[in-house]
Amino acid sequence: MSNGKNVKAIIIDLDRTIANLKTNWVFVRSEMADFCSKKGVKASFAYPEPIYETARAVSKNKKFYADLLGIIKKEELKSAKRAELMSGAKDFLEFLHTNAIPFAILSNNNSQCVAEIFKRFKLPGPKMIIGSDNVEHLKPHPEGLNKILKKMKIKNTQCLLIGDSDAESQLGRIKGVKTYLIPGRKIKNLSQLKSILI
């Protein structure tokens, strides 16, 4: 994909791309470990243990797993209330809206957290939200991206993937999607990406 005219959709991460949630993951991991301990289950959620994979591995049943995810969701929703918009985020989303360029959110955060950010900051709404509660496997696994491509009826060569971490860069390589990390060497914030779409 060499120029913006080929782009039919933008797929964007949430945390530290659109908004800085500042989620206290140390607290979340501690709460999850305490919950397991009270239930007689030995589990370590200490960083860098993958939090969702660990939760799934130690869960005795679906309710146990749902309760663990509830701890994450509760803290993420708290974070959404104190989050700050990233530089250039609102300007970029309004640019997409004005120019009728559809976008979707692909986040490892809960979809309700994503929706709360868009509501709180009065941002133009995405065509689709895929959060941690909508998939079995988080980024960089391609499950969420595959769902978006299918729903929006676009090919991997017809979209851009924007995020802030290795999860997006790995996912982009796996699926052959042009990926931009914010901040990067040339692109410092979302607003600067407008130039490649004009």
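In this numbering scheme, every chain counts its residues from 1 along its sequence in written order. Only residues with pLDDT of at least 70 get local features here, since the model is predicted, and only at 80 or more are side-chain atom pairs given and counted; chain-wide, interface and lining totals rely on the full set of residues. Water and hydrogen atoms were dropped before computing side-chain values, which therefore reflect all heavy atoms in the structure.

J.: Please explain empty space enclosed by the protein as it appears in this structure.
T.: Empty space among the atoms becomes apparent when a probe as large as a water molecule is rolled across them. Cavities and pockets are found on a 1 Å grid laid over the protein atoms alone: a cavity is a set of points where a 1.4 Å probe fits but cannot escape, a pocket is an open set with protein on both sides within 12 Å along at least five of seven lines, and a lining residue has an atom within 4 Å of such a point. Grid points are joined across faces, edges and corners, and a volume is the space filled by probe spheres set on the points. Counted by the stated rule, this structure contains one cavity of 30 Å³ or more. Considered as a void within the structure, the largest cavity measures approximately 40 Å³ in volume. Lining the largest cavity are Leu106, Ser107, Asn108, Ile130, Gly131, Ser132, Val135, His137, Leu138, Lys139, His141 and Gly144. Tallied by class, residues from the lining of the largest cavity come to four nonpolar, seven polar and one charged. Charged means Asp, Glu, Lys or Arg here, nonpolar means Ala, Val, Leu, Ile, Met, Phe, Trp, Tyr, Cys or Pro, and polar covers whatever is left, Gly included.

J.: I keep staring at the pattern of salt bridges and nothing clicks. Help me out?
T.: Side chains that differ in charge, positive against negative, can pair when their charged atoms come close. Salt-bridge detection follows one rule: a side-chain nitrogen of Lys or Arg within 4 Å of a carboxyl oxygen of Asp or Glu. A full pass over the atoms with the stated rule returns nine salt bridges. Its salt-bridge partner being aspartate 15, residue arginine 16 comes within 3.2 Å of it at the nearest N-O pair. Throughout, exposure labels follow a simple rule: accessible area from a 1.4 Å probe, protein chains only, divided by the maximum for the residue type, with under 20% read as buried, over 50% as exposed, and the rest as partly exposed. Using a relative accessible area of 9% as the deciding quantity, one classes aspartate 15 as buried. Salt bridges sharing common partners tie together Asp13, Lys139 and Glu168.

J.: Please explain the nonpolar core as it appears in this structure.
T.: Nonpolar side chains tend toward joint burial in soluble globular proteins. For the purposes of this section, nonpolar cores are sets of buried Ala, Val, Leu, Ile, Met, Phe, Trp, Tyr and Cys residues that join through side-chain atoms within 4.5 Å. Judged by nonpolar contacts, the single largest core of 32 residues is most densely connected at Ile11, Met32, Phe45, Leu68 and Ile148. Counting residues per element, the ones that place at least two in this core are β1 (9-12), α1 (25-38), α2 (51-58), α3 (62-82), β4 (103-106), β5 (128-130), α6 (143-152) and β6 (159-163). Whether two residues touch is decided by their heavy atoms; if any such pair falls within 4.5 Å, the residues are in contact. Ignoring sequence-local partners within four residues, the contact set of methionine 32 consists of Phe45, Ile51, Ala55, Leu68, Ile71 and Ile72. Judged by nonpolar contacts, the second largest core, of 30 residues, contains Ile12, Ala83, Ile117 and Ile162. Under the DSSP-based scheme used, a helix requires at least four consecutive residues in state H or I and a strand at least two consecutive residues in state E, with every element numbered from the N terminus.

J.: Would you explain the pairing of β4 in this entry?
T.: With burial as the criterion, each face of β4 is covered, one bearing Phe103 and Ile105 and the other bearing Ala104 and Leu106. DSSP bridges decide pairing: two strands pair if at least two such bridges lie between them. Alignment of β1 against β4, held across three bridges, turns out to be parallel. Bridge pairing links isoleucine 10 to phenylalanine 103 in β4. Sheet analysis places β4 next to β5, joined by three bridges and oriented parallel. For alanine 104, the partnering residue across the bridge sits in β5 and is methionine 128. Taken together, β4, helix α5 (residues 111-120) and β5 form a β-α-β motif whose crossover is right-handed. By convention, a crossover is right-handed whenever its connection, traced from the first strand over the helix to the second and viewed with the strands pointing away, goes clockwise.

J.: Where do I start with the packing of aromatic side chains in this structure?
T.: Centre distance and the angle of the planes are the two values used to describe a pair of aromatic rings. Aromatic pairs are defined between Phe, Tyr and Trp rings, using the six-membered ring for Trp, whenever the two ring centres lie within 6.5 Å; interplanar angles under 30 degrees are classed as stacked, those over 60 as edge-to-face, and all others as tilted. By the definition in use, this model includes two aromatic pairs. Where phenylalanine 103 meets phenylalanine 118, the ring centres are 6.2 Å apart and the plane angle is 25 degrees; that geometry is what we call stacked. You can see phenylalanine 103 sitting in strand β4 and its partner phenylalanine 118 sitting in helix α5, a full 15 residues away along the chain. The class for phenylalanine 118 is buried, based on a relative accessible area of 7%.

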